[in-house]
Amino acid sequence: MDDLRFYLLTFLRRLPYFLVIATTISAVAVAVAVSLPPAYVSQMRLVVEAPQIPTELAASTVRTPALEQLQIVEQRLLTRANMLAIARQQNVLPNIDEMTPDEIVRGMRARTTVQQSSGHNAATWMTVSFEAPEARIAAAVLNEYLTIIQEADSEFRRGRAGETLEFFAQEAERLGTELTAQGAQILAFKQENTNALPDSLDFRMSNREEMQGGLALTEREISRLQSQRAQLLELFETTGQVSRAPEAVLSREEQQLRQLESELAETLLVFSEENPRVKLLRSRIELLQTEIATGVYVPATIGDQVIANPEPSALDIQIADIDNELGLLEEQRDILQSELETLTETIERTPEVSIALEELERTYSRLETQYASAEQRLSTAQTGDLIESRSRGQRIAVIEQPNVPNAPTRPNRLLIAGGGSVFGIIAGLGLILLMELLNSSIQRPEDLVTRFGISPLTTVPYIRTRQQIFVQRSLKLLMILAIVVGAPALIYAVHIYYLPIDLVAEKVMNRLGVRW
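Residues numbered from 1 in each chain as written. Predicted model: local features only at pLDDT ≥ 70, side-chain atom pairs only at ≥ 80, totals over all residues. Heavy atoms only, no water.

Asks: Could you give me a rundown of the pattern of salt bridges, with the residues and numbers involved?
Replies: Under the criterion given, the structure shown has 11 salt bridges. Among the ionic pairs, Glu 134 bridges to Arg 136, the shortest N-O distance being 3.5 Å. Judged by relative accessible area, Glu 134 falls into the partly exposed class, the value being 39%. Glu 345 is the partner of Arg 349 in a salt bridge, and the nearest nitrogen-oxygen pair spans 2.8 Å. Of the two residues, Arg 349 and Glu 345 are both situated in helix H10 (residues 314–389); the distance of four residues between them amounts to about one turn of the helix. Its relative accessible area of 35% is what places Glu 345 among the partly exposed residues. In this structure, a network of salt bridges that share partners links the residues Glu 171, Arg 174 and Glu 178. (Salt bridge = Lys/Arg side-chain N within 4 Å of Asp/Glu carboxyl O. Buried < 20%, exposed > 50% of the residue type's maximum accessible area, 1.4 Å probe, protein only. Helix = DSSP H or I, 4+ residues; strand = E, 2+ residues; numbered from the N terminus.)

In structure tokens form, the structure reads like this:
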């Protein structure tokens, strides 16, 4: 009981401080609650609709998650430029001409509320609301917001679809150019190495074997004729006679013709009609046939000199025949050797050419695969761009248009006044508690026992005279009256001579980014 009485007396002693805090805060709260202008809140609801064309039939190239799409649109909506433009166009804020751009942006964002919701197997939607002093302004601002949201969504999706289409168009063009260039390089390489391509290696190997066989046959024939010529010369030197062949009764031209025909038949066993050796033999056969048929002798020549044609002896005839045949065979051998060397060189170069050609063809095949893939993706990008240009893809749709509110939504004057008063009382009690905690003076007998460890026999309180009590009570009463009357008067003076309380509260709310 004594403790309760002590705390009550302490409270009464600190009552002026309590009244200063509680009355001031309560008065401010009541003044704000009374002076705040009505606020109208307009609201609209948006939802992200799924693509109108099934994805398995034709898919859009813009595949942004629905919630991410709403977040992107929200960030584009609340940009500084949009907030300033709409605020000045609709004259949203009071005394907007006297406000800085930062204050305007803070005020617009404080009045704008954006809520998003999404879930598994649930629609993704967004609610946008705006608070304004007039219902018409609230609805007008929301209509501006709606226009910006729809334009931003359309621009975002079309922009991405267009960028995707442009990228794959450039990629397909680049790969097509590279593919054409690579094809031209392969063609030029094949033309440059026609005789060494791997495709004709088997034919050239077979042809080389035939040439090697023909060359060996020619070498054997040359060796035989050289041996026969040496034997003739040796026989003539030994006996002075030459054994005539049965065909000696034939003329020299007829003998040469038979030899050439025999040689042509042997050559055709190895070479084709297009072989230079075959053509040479045929031309000589035709020349001899003409001489025999006409009886006109065409003299042989060495360079530009004509060889005389005296009546030859039997030895001369045989030696001349052998020499002629040797000349033809040696010429044939030289041709075969040249062709064989060329053919061998191309065969030896074939592995190198094959490796280079395979590298070129691998590059061509890789480019061809990339080009086909790019063309397919380009086709998909064209379809996606067409879907977005016709607004058939995923898009933000309006399910609740901005409305003009019929009644103000804020402020809740009773809540503001009551809450402010309760907060003032709590703040006043808190101040008294803090002052007592910081006060170290002795106020009751228990403090003597606690501080000095002594037990007094009795305590005598401070006894005031009637005059002192009257003066003290008069001062307290005057202080209470000054606080009760002065605090509202001060608020009223601020409202009249400095700035209306509603504007002061408006500035505070704009700076804090909150609404009542």
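Asks: Can you explain the nonpolar core? Please cite residues and give values.
Replies: Ile 104, Met 108, Phe 130, Val 141, Tyr 145 and Ile 149 are the most contacted members of the largest nonpolar core, which has 31 residues in total. Those elements that place two or more of their residues in this core are strand E1 (40–49), helix H3 (66–77), helix H4 (80–90), helix H5 (101–111), strand E3 (122–132) and helix H6 (135–192). For this core, the element with the most residues is H6, which contributes eight residues. Residues in contact with Met 108, not counting those within four places in the same chain, are Met 83, Ile 86, Ala 87, Val 92, Phe 130, Val 141 and Tyr 145. (Core = buried A, V, L, I, M, F, W, Y, C linked by side-chain atoms within 4.5 Å. Contact = heavy atoms within 4.5 Å.)

Asks: Describe the pairing of E1, with residues and values.
Replies: Within E1, seven of the 10 residues are buried, which leaves the element mostly enclosed by the surrounding structure. The sheet contact formed by E1 and strand E6 (residues 395–400) spans five bridges and is antiparallel. The partner of Glu 49 across the bridge, within E6, is Arg 395. (Pairing = 2+ DSSP bridges.)

Asks: Summarise the packing of aromatic side chains; cite the residues concerned and give the values.
Replies: Evaluated as defined, the whole model comprises two aromatic pairs. Considering the side-chain rings of Phe 167 and Phe 168, the 5.2 Å spacing of their centres and the 75° angle between planes classify their relative orientation as edge-to-face. Geometry around Trp 125 places Arg 45 over its ring, the cationic atom sitting 4.8 Å from the centre. (Phe/Tyr/Trp six-rings, centres within 6.5 Å; stacked < 30°, edge-to-face > 60°. Lys NZ or Arg CZ within 6 Å of the ring centre and 35° of its normal.)

Asks: So what's going on with the environment of Ile 148? Residues and values would help.
Replies: Within the secondary structure layout, Ile 148 lies in helix H6. In sequence terms Ile 148 and Arg 76 are 72 residues apart; their C-alpha atoms lie 8.3 Å from each other. The contact partners of Ile 148, leaving out residues within four places of it in the chain, are Leu 77, Asn 82 and Ile 86.

Asks: How would you explain the environment of Ala 85 if you had to name every residue and give the values?
Replies: Counting through the fold element by element, Ala 85 comes out in helix H4. Ala 85 sits in the partly exposed class, given a relative accessible area of 42%.

Asks: So what's going on with unusual backbone geometry? Residues and values would help.
Replies: The backbone phi angle of Asn 91 is positive, close to 55°, even though this residue is not glycine. Tracing the backbone shows Asn 91 in the loop between H4 and H5.

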